[in-house]
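One-letter residues, chain by chain:
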Amino acid sequence: LCEGPHLRVWSPARVGAPHEDSTLVGPVKRFGRYTLVKKLATGGMAEIWLARQRGLAGFNRFVVIKKILSHLSEQKTFVDMFLDEARTSAQLNHPNIVQIFDLGREEDAYYIAMEYIAGENLAAVAWRGMKRHRPIPPTFAARIIADACKALHYAHHLRGSDGRPLEIVHRDISPQNVLVTYDGEVKIVDFGIAKAATKSEQTKTGMLKGKFSYMSPEQCLGAPVDMRSDVFALGILLYELCTGKRLFKHESELMILEMITKRTVVPPSQVAEDLSPLLDGIIMRALAKNATERYQTAQELQHALEGFLREEPHPATSVELGEYVRSLFGDKIDEKRRMIEIASRDDFEERHSIAETESFASGPRRTVHGLPPSQVMVRGVATGARGSVGPTAAFVPPTAGTPSMPGYAHPSQYASHGTSATAMRPGPSWASRAIIALALFVIAGASLVLWAYRQPVEAVTQIDSAPAQSGPIRTGSLSLKSKPSGAIIELDGNEMPLPDGTAARTPVDLGSLQYGKEYRIRLRLDGHRPFEQVLIMDEDRDGATLEPELVPLPATVVARVEGSGAGAVRVFFGEEEVGSGPAVRRTFPGDGRPLEIRAERPGRVCRAEPARVTLDPDRTVDVRVRCRQPRKRRRTPRPAVATRAAPAAPEPSRPAPPEGCAPDPDLPKGFLTIDTRPPSQIFYRGRKLGETPLPKYPLPAGCIELQAKSPDKSKTFRVRIEPNGVAVYRVQL
């Protein structure tokens, strides 16, 4: 580059950013009167930038620019919501509420300039604490929510300049919108969807705005909300911080609404160990589904938490909270410090080839909501190019691994708005004027050619860029049952969970089903064929009952006759003769009922193993049938008559069976279920079987003698055990 008589040579390293800057800053750009230092996040709605603002006499400060995407700047509904956020936030001036500096339009996109805060959002703090096995202590969680209560109580009771209540309700309290600085201060961000009496775009009854997992029951139902809705959201945050688990989580948004409005909340003391009963009660009251049973103001919740903290032996002040956060984010603190140090250098713009008079805008100055930049209204006061009048908003840069919500650039992007000014641009040269004139001529010609197609093109553009309908959402309900009951419910491919994590089962009532929307309902019960139906909620379905009868899967029994002459063996399933050997197969409904199996052959004794089966669904049972020649029963010898010498008694573990009552070793074993009053110990041939009630104990088939012994009573009795059967006895001692 030649400058006068001297020749200055710029090396590539000089033209570009220094190597040490490459990972901490960039891409560096001019944006009106700001220098964009580093892009922090990009999403479907906005870009988040760290920016540097310079002024006279060495004035220098860092802000965060939230710049909505250009295509959204053409959507009136989104722009109105964006400007409403600025109007609402501009009226808030509290140490626990973030502030805004500037609102404007640059580069065909609206933006707000927010205060840069050194800290992290609550989602990042909780995530890193769990990752490093240092979860947020309950006392710190109570301190964070108590400080958040201060901010919300202020916003809830704020009055306008005319003395009328503004009735501000945040409606989007979530971990991403609560910031904790490295000094332990707590700040609330994002009044972007707040409900206030002064909003130009009032939310209609039935519309849902906010993050579903942190809505109150009345907000889920589309009913009017007040300050108690924010109290419910604070209760959710406190629950999750104390337990380390999400309270309302599901892949289906409809299921989340169902859980919030219908399911019972499991007390946090049953999820987390050693949780204070006092704190447990505070959380459960804040989460009352009936708004009249909650804390009626955020200040009431704050007082309850302060009372809990006074009872705790360990301090939970902002100082201790700041030490905890700094211990988790030491690497981030150092990285941000070096980034600010680099961007604070006097030659920062020069090192990145940014001229002092360069403008990042590519066109003429824009108006904001129909007003020129010099007349943007914030809190009813006209502001000029130097800035805005009123409070400001805050921002926390995103951190790696921080959870984010669908549809948002990043949890840390939420804040409020102000005004803008455009830097001076150098005058164009004659060559630039010629190029611009030629381009305008070409554009004019193309416009004439496309004039005939103007209406269709506008229609397509309107369809593509139109925002989602925001009218009232009409919902209905459906009672879901099944025969038999207890079927697992799947809605749109996802299981409906209970608060304890188990699957919901019929019967159940489904609410918040949107009119005109298609739902796929599937019922699943073990041993039965799944039931599935697709329906559309309408007036005919609203309040109706769906009660399908689930068909059990079949059970199959196969009897196989062994040995010669199998064809002469008649096989009976229950009282019905089903055929002759060598193999008989029959299918039954798998309803769980018992089925007796027996076989007959002239001159032979036939036995089925097992002799009784259970018709379990979707199961095949194999039964073996054997026939043999009948044998004479062996007689049991009488016990010897006692003499004066008294022969030795039989061993207590194997006493001789009583006369006329003996087991048959040739038969398969059976089972004994016995209960006595009072409870006792059961002995068989001197061997202890167990204490009553004694369920399904295997014993030899035939007649056996048992003895029951209790501390003050004893009784000997006989029972008969059927082969493969279950004998049930109740004995009074």
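See the structure shown above.
One structure accompanies this document, and this report is about it. (Residues numbered from 1 in each chain as written. Predicted model: local features only at pLDDT ≥ 70, side-chain atom pairs only at ≥ 80, totals over all residues. Heavy atoms only, no water.)

### Some remarks on the pairing of strand β20 (residues 531-536)
- Bridging between strand β19 (residues 518-524) and β20 involves 6 bridges; their strand directions are antiparallel. Paired with Arg520 across the bridge in β20 is Val534. (Pairing = 2+ DSSP bridges. Helix = DSSP H or I, 4+ residues; strand = E, 2+ residues; numbered from the N terminus.)

### Focus on the nonpolar core
- Formed by 66 residues in total, the largest nonpolar core has its most connected members in Ile145, Phe248, Leu301 and Leu305.
- Looking at this core, the element that brings in the most residues is helix α4 (residues 138-156), giving 11 residues.
- Excluding its chain neighbours within four sequence positions, the residues that come into contact with Leu301 are Ile145, Cys149, Val231, Leu234, Ile282, Ala286 and Tyr295.
- One finds Phe62, Phe82, Tyr116 and Ile342 within the second-largest nonpolar core, a separate group that totals 29 residues. (Core = buried A, V, L, I, M, F, W, Y, C linked by side-chain atoms within 4.5 Å. Buried < 20%, exposed > 50% of the residue type's maximum accessible area, 1.4 Å probe, protein only. Contact = heavy atoms within 4.5 Å.)

### Quick look at the environment of His153
- If you trace the backbone, His153 turns up in helix α4.
- Taking relative accessible area as the criterion, His153 reaches 18% and is therefore assigned buried.
- When the C-alpha positions of His153 and Val169 are compared, they lie 9.7 Å apart, and in sequence the two are 16 residues distant.
- Beyond its immediate stretch of four places on either side in the chain, His153 contacts Thr297, Ala298 and Gln299.

### Quick look at the packing of aromatic side chains
- Under the definition given, this model contains 4 aromatic pairs.
- Plain terms: the ring middles of Phe31 and Tyr111 are 5.1 Å apart, the flat faces sit at 80 degrees to each other, and that makes the pair edge-to-face. One end of the pair, Phe31, is in strand β3 (residues 29-31); the other, Tyr111, is in strand β8 (residues 109-116), and 80 residues separate them in sequence.
- Judged by its relative accessible area of 1%, Phe31 is buried.
- Ring centres of Tyr34 and Tyr111 lie 6.2 Å apart, and the angle between their planes is 80 degrees; this geometry places the pair in the edge-to-face category. Here Tyr34, found in strand β4 (residues 34-42), pairs with Tyr111, found in strand β8; they are 77 residues apart in sequence, far enough to count as distant.
- Accessibility expressed as a relative area gives 1% for Tyr34, which makes it buried.
- Site record: aromatic cluster; members linked through ring pairs are Phe31, Tyr34 and Tyr111. (Phe/Tyr/Trp six-rings, centres within 6.5 Å; stacked < 30°, edge-to-face > 60°.)

### A look at the state of the cysteines
- Summed over all chains, the structure comprises 1 disulfide.
- A disulfide bridge connects Cys606 with Cys627, and the sulfur atoms are separated by 2.0 Å. Classification of the bridge connecting Cys606 and Cys627 rests on its S-S torsion, roughly 105 degrees, and on that basis the disulfide is right-handed. One end of the pair, Cys606, is in strand β27 (residues 605-609); the other, Cys627, is in strand β29 (residues 619-628), and 21 residues separate them in sequence.
- Here Cys606 falls in the buried class, since its relative accessible area comes to 18%. (Disulfide = S-S within 2.5 Å.)

### What about helix α7 (residues 253-262)?
- Where burial is concerned, most of α7 is hidden: 8 out of the 10 residues are buried.
- Taken residue by residue, α7 has Leu254, Met255, Ile256, Leu257, Glu258, Met259, Ile260 and Thr261 as its buried positions.
- In the core, the buried residues of α7 are packed alongside α5 (217-220), α6 (227-243), β16 (488-491), β18 (508-514) and β19.

### Remarks on the pattern of salt bridges
- Under the criterion given, the structure shown has 37 salt bridges.
- Measuring nitrogen to oxygen at the nearest pair gives 2.9 Å for the salt bridge that ties Lys336 to Glu120. Pair noted here: Lys336 is in helix α11 (residues 330-343) and Glu120 is in strand β9 (residues 119-121), with a separation of 216 residues, a long-range link.
- A relative accessible area of 0% places Glu120 in the buried class.
- Note that Asp347 is salt-bridged to Arg351, the shortest N-O span being 3.9 Å.
- Owing to a relative accessible area of 28%, Asp347 belongs among the partly exposed residues under this scheme. (Salt bridge = Lys/Arg side-chain N within 4 Å of Asp/Glu carboxyl O.)

### Description of the sheet that holds strand β26 (residues 594-600)
- Pairing is antiparallel in the open sheet, where 4 strands are placed in the order β24-β23-β26-β28. In this open sheet, the two strands that pair with only one neighbour each are β24 (576-580) and β28 (612-614). Going from strand to strand, the sheet's axes swing by 30 degrees on average, the running direction of each strand aside. (Axes fitted to C-alpha atoms, helices over the stretch in contact; angles between N-to-C directions.)

### Thoughts on the packing of helix α8 (residues 277-286) against helix α9 (residues 298-311)
- Interaxial distance between α8 and α9 falls to 10 Å at its minimum, and their mutual angle equals 170 degrees. Regarding the angle of α8 to α9, the classification is roughly antiparallel. Residue-level inspection shows Leu278, Leu279, Ile282, Arg285 and Ala286 of α8 in contact with α9, the latter providing Glu300, Leu301, Ala304, Leu305, Phe308 and Glu311.
- In terms of residue class, the contact of α8 with α9 is built from 8 nonpolar, no polar and 3 charged. (Parallel < 35°, antiparallel > 145°, perpendicular 65-115°, else oblique. Nonpolar A, V, L, I, M, F, W, Y, C, P; charged D, E, K, R; others polar.)

### Section: the pairing of β18
- Most of β18 sits out of view: 5 of its 7 residues are buried.
- Relative to β18, strand β15 (residues 475-480) runs antiparallel, the two being bridged by 5 bridges. Note on β18: the bridge partner recorded for Gly476 is Leu513.

### Notes on unusual backbone geometry
- In this structure, the amide linkage connecting Lys483 to the following residue, Pro484, adopts the cis form with an omega of -10 degrees.
- Turning to its location among the elements, Pro484 is positioned in the loop between β15 and β16.
- The omega angle of the peptide bond from Arg677 to Pro678 is 0 degrees, so this bond is cis rather than trans.
- Its place among the elements puts Pro678 in the loop between β30 (670-677) and β31 (681-684).
- For Asp618, which is not glycine, the phi dihedral falls at a positive 55 degrees.
- Relative to the elements of secondary structure, Asp618 occurs in the loop between β28 and β29.
- Residue Asp618 is classed as exposed on the basis of its relative accessible area of 60%.
- Despite not being glycine, Lys696 has its phi angle at roughly 45 degrees, a positive value.

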